[in-house]
Amino acid sequence: KQAVDEDPENADLQEQRTYEYLKRKSNAEARRNALAALRKDKQQQLAAYVLGRLYLSIGDVETAQKLLEGSLQADAPQVQHLSLLAALYAKQRRFEDAERLYEVGAKHFPNDDTWPKRLAAVYLKAGDDEKLTSILEQLANLDTDNLSFRKKLAEMKRDLEVGRLLI
């Protein structure tokens, strides 16, 4: 707060303060600061994320989604912003859009296994067995202690063999 008071034109500091207010559940302050940060710079992804979360908390999915879409910077994404927008797309069954954003996340945050896991969930819901097999193989190689990936792969291969026998 002191840093923002010393440099009130700094949208990045304003954005950080906004996020801290959200984490502390000071929603009114978070909203006020998010709006102030976005007035200074419409591309402040963290401020847009905070405001999007607040809109979602009152059930206004459309406004939250428009705000997130308008501030998305796919070449330099902010983690929470990207994740929230991708999750909204997945929930709306807009699988191609969700896939695109999860792939952006996997590219920009390669050490975070959340992105390929969410991609796997999208492929599973979309019924894209080819892409699901590929991502499950990657996940099985990354996390050798997790047997669920290997089990799902084995089930898919078994089902594929049973399908071939029936034909």
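Further up the page is the structure itself.
Residues numbered from 1 in each chain as written. Predicted model: local features only at pLDDT ≥ 70, side-chain atom pairs only at ≥ 80, totals over all residues. Heavy atoms only, no water.

Asks: Looking at this structure, I do not really get the overall build of the protein. What am I missing?
Replies: A count of helical and extended segments in the protein gives 10 helices and zero strands. For the protein, with 167 residues in total, the buried portion stands at 37%. Total accessible area on the protein is roughly 10200 Å²; 50% of this is exposed by carbon and sulfur atoms. (Helix = DSSP H or I, 4+ residues; strand = E, 2+ residues; numbered from the N terminus. Buried < 20%, exposed > 50% of the residue type's maximum accessible area, 1.4 Å probe, protein only. Areas by Shrake-Rupley, 256 points an atom, 1.4 Å probe, with all protein chains shown as cover.)

Asks: Would you mind going over the side chain of Glu 99 with me for this structure?
Replies: One can find Glu 99 in helix α7 (residues 95-108). Setting aside residues up to four positions removed in sequence, Glu 99 forms contacts with Leu 119, Val 122, Tyr 123 and Lys 131. (Contact = heavy atoms within 4.5 Å.)

Asks: Looking at this structure, how should I read the pattern of salt bridges?
Replies: Oppositely charged side chains can pair when the atoms bearing their charge come close. Summed over the entire model, instances satisfying the criterion amount to eight salt bridges. A salt bridge links Lys 66 to Glu 62; its shortest N-O distance comes to 3.1 Å. Of this pair, Lys 66 and Glu 62 both sit in helix α5 (residues 61-71), separated by four residues, roughly a single helical turn. Comparing Lys 66 with Glu 62 shows no difference in burial state: the two are exposed. Of the charged contacts, one joins Asp 113 and Lys 117 as a salt bridge, the two residues approaching to 3.0 Å between their closest N and O atoms. Among the residues examined, Lys 117 registers a relative accessible area of 34% and is labelled partly exposed. One salt-bridge network, in which partners are shared between bridges, spans Glu 69, Arg 94, Asp 97 and Arg 100. (Salt bridge = Lys/Arg side-chain N within 4 Å of Asp/Glu carboxyl O.)

Asks: Whenever I open this one, helix α6 (residues 79-91) confuses me. Can you help?
Replies: Side chains three or four residues apart in an α-helix point the same way, a direct result of the helix having 3.6 residues per turn. Helix length check: α6 (13 residues) gives 18 Å between terminal C-alpha atoms against 18 Å at 1.5 Å per residue, within 8%. For α6, the set of buried residues is His 81, Leu 82, Ser 83, Leu 84, Leu 85, Ala 86, Leu 88, Tyr 89 and Ala 90. The inward-facing, buried residues of α6 abut α4 (45-57), α5, α7 and α8 (114-126). Phi turns positive one or two residues past the end of α6, at Arg 93, with a value near 65°. (Expected span 1.5 Å × (residues − 1).)

Asks: Would you take a moment to explain the packing of α6 against α8 for this structure?
Replies: Two measures define how a pair of helices packs: the angle their axes make with one another and the distance between the axes. Relative to each other, α6 and α8 sit at 10°, their axes nearing to 11 Å. It follows from the interaxial angle that α6 and α8 lie roughly parallel. Packed against α6, whose contacting residues are Val 79, Leu 82, Ser 83 and Ala 90, the element α8 presents Trp 115, Arg 118 and Val 122 at the interface. Of the residues that constitute the contact of α6 with α8, the class distribution is five nonpolar, one polar and one charged. (Axes fitted to C-alpha atoms, helices over the stretch in contact; angles between N-to-C directions. Parallel < 35°, antiparallel > 145°, perpendicular 65-115°, else oblique. Nonpolar A, V, L, I, M, F, W, Y, C, P; charged D, E, K, R; others polar.)

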